[in-house]
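Next come the chains, spelled out residue by residue.
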Amino acid sequence: MAKSSNPEGKTGVRIVVAGDRGTGKSSLIVTAAADTFAANVPRLLPPTRLPEDFYPDRVPITIIDTSSNPEDRGKLAEELKRADAVVLTYACDQPETLNRLSTFWLPELRQLEVKVPVIVVGCRLDLRDELQQVSLEQVMSPIMQQFREIETCIECSAYKHIQIPEVFYYAQKAVLHPTGPLFDQESQTLKPRCVRALKRIFILCDHDRDGALSDAELNDFQVKCFNAPLQPSEIVGVKRVVQDKLVEGVNERGLTLTGFLFLHALFIEKGRLETTWTVLRKFGYNNDIKLSDDLIPHSSFKRAPDQSVELTNEAIEFLKGIYELFDSDLDDNLRPIEVEDVFSTAPESPWNDAPYKDAAEKTALGGLSLDAFLSEWALMTLLDPARSVENLIYIGYPGDASSAIRVTRRRRLDRKKQQSERNVFQCFLFGPTNAGKSALMNSFLGRPYSDSYSPTTDERYAVNVVELPGGIKKTLVLREIPEDGVRKLLSTKDSLAACDIAVFVHDSSDESSWKRATELLVDVAGHGEDTGYEVPCLIVAAKDDLDSFPMAIQDSTRVSQDMGIDAPIPISSKLGDFNNIFRTIVNAAEHPHLSIPETEAGRSRKQYHRLINRSLMFVSVGAAVAIVGLAAYRVYAARKSASS
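Since this is a predicted model, take the numbers as computed values, not measurements. (Residues numbered from 1 in each chain as written. Predicted model: local features only at pLDDT ≥ 70, side-chain atom pairs only at ≥ 80, totals over all residues. Heavy atoms only, no water.)

Participant: Pulling in residues and values, what's your account of the packing of helix 13 (residues 370–383) against helix 14 (residues 385–394)?
Facilitator: Between helix 13 and helix 14, the shortest axis-to-axis distance is 5 Å and the interhelical angle comes to 130°. Classed by the angle they form, the pair helix 13 and helix 14 counts as oblique. Each of Trp377, Met380, Thr381, Leu382 and Leu383 in helix 13 lies in contact with helix 14, whose residues at this interface are Pro385, Arg387, Ser388, Asn391 and Leu392. By residue class, the composition of the contact of helix 13 with helix 14 is 6 nonpolar, 3 polar and 1 charged. (Axes fitted to C-alpha atoms, helices over the stretch in contact; angles between N-to-C directions. Helix = DSSP H or I, 4+ residues; strand = E, 2+ residues; numbered from the N terminus. Parallel < 35°, antiparallel > 145°, perpendicular 65-115°, else oblique. Contact = heavy atoms within 4.5 Å. Nonpolar A, V, L, I, M, F, W, Y, C, P; charged D, E, K, R; others polar.)

So this is what it looks like as structure tokens:
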């Protein structure tokens, strides 16, 4: 396999050389650039440029010399922060300068948060006392164990021109083809993210899906990555190398995934990282072994605050096929290990952390039904469309990425048309502490009721499919807003733009809970009126199994009538009596012109606008009458003059 070309997008590498005074920094730079040793060099060199044809990768290098004088510390820190790689020098004839690497220089880089490859270079090798000869590996091993950012160590002599070009070659290589993302030096194995990327590449190249790369498929892979075909004898040679070390790496159909991974581990062990990096970059990966941003159609996600993003039917059909493929026992239960397998070609499973973890209903066996699987995808698409599309690409979505998602109509337009065309609705769940919000969320996910109470401190999501009359299915996302998070939520203008419907839960047995819920309702409704993002609202009277507080019916009737919304819906999570609440929520979200509360301030504002409009109408009618009268008078005057 051929060597790499200039990695896409990298126009130059900036290498900063630092170290104690007198360790040979300037001599190292001059000798590398001029290919000859200079006896007298300036104490501090200007930036030195090595041309693009200096090394095979054809990327120009700029080398920055630095001063270690205390008064130049600010300038040194500035240069280190701008570096692509750092060369740290010590003098082979001055052991104390080697000690200073671990006591000062490497800790200093960490303190400055310089997170780039470090090449440790022992200069003045020709001056080292022959009695002090020690193995470089023996000296550097403990330091490299402590400071993992060290990419490699090398000793050189500018005077005798020993290993000078290699210093900057290794530094450039560490930037263009870093070891860290690919290989774990300690365990001598490929890193998980690298394995996942190579597995995806293998599957993409295995055109006949038989689990092995045939000779023709291997050749296609070689041409795609390196623009040169493999000769039949070379293919035989590659497979023999793998088979000699790993029997299962090759079978009668060709090179297996195990063999493909072994081959790349072998390249890396032999220092040929550029081979693996060329393959990864050819398939669109960046240095974090994630797909480059330019492969994600970000322009497709542009939307107004009150628009949302959903999966298209094409993407949903693809995901149904993925579910069937990985639900190997066809029991409509994708077990956790099978979910991990779905995302085994992505950098990591996107659902391992909040807000996706535990957001969907689990089967009795702890897995995901098809509806739950699609619900998780719907939630990810709603909250983070770019991440959703990225993961669709990772798991093999065959179409144009922009065909996987659609932007919904603005809710403002939905209100005018008195109907929403969305398939996924987001409901904000408000209410005071201990009102029953979490119990409602849990019941939505089919989880049993629990008497034990633990307050929700962070926002939480629950997503599920709601079946409507006629067999129509909609996806509902519940977003629980903790009581102490409401003020922060409403501090931004667009905070309600993503909300299709707001539900206010209170403990029907507790008057203070009811009062706080109505305060939250007024706050949210007022914010909607002020920003133009009014949302339908419902009130839920939870804990209906307990006796209502006195005056509950009168109070709730008054508030409902005053604000122009439906009376509270009684539910009991404990008894499992939910009064079709989730259908009711979806139905209200589908009709965004209804159930919109009106505050006193909002009503006054409307009355004022009506008054102004009426006044303007009277003024315009009066003006029209005056103009008509004037025109009639002119006609009359003209006729009178003519008759005279």
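Participant: How would you sum up the pattern of salt bridges? Please name residues and give values.
Facilitator: This structure, assessed with the given rule, holds 34 salt bridges. A salt bridge links Arg410 to Asp306; its shortest N-O distance comes to 2.8 Å. Here Arg410 is found in the loop between strand 13 (405–407) and helix 15 (411–417), whereas its partner Asp306 is found in the loop between helix 10 (273–282) and strand 12 (309–311), with 104 residues between them in sequence. A relative accessible area of 30% means that Arg410 is categorised as partly exposed. Across the pair Glu338 and Arg335 runs a salt bridge whose closest N-O atoms are separated by 3.1 Å. (Salt bridge = Lys/Arg side-chain N within 4 Å of Asp/Glu carboxyl O. Buried < 20%, exposed > 50% of the residue type's maximum accessible area, 1.4 Å probe, protein only.)

Participant: Explain the sheet that holds strand 16 (residues 473–480) to me, and be specific about the residues and the numbers.
Facilitator: Taken together, 6 strands build an open sheet; the order of strands is 15-16-14-17-18-19 and the sheet is mixed. Both edges of this open sheet fall to strand 15 (460–467) and strand 19 (569–570), since each of them pairs with a single strand only. Inspection of the sheet shows strand 18 (residues 537–542) paired to strand 19 by 2 bridges, in the parallel sense. By the bridge assignment, Val540 is partnered in strand 19 with Ile569. Sitting on the sheet, helix 20 (residues 581–590) is in contact with strand 14 (424–430), strand 15, strand 16, strand 17 (501–507), strand 18 and strand 19, with an inclination near 100° to strand 16. (Pairing = 2+ DSSP bridges.)

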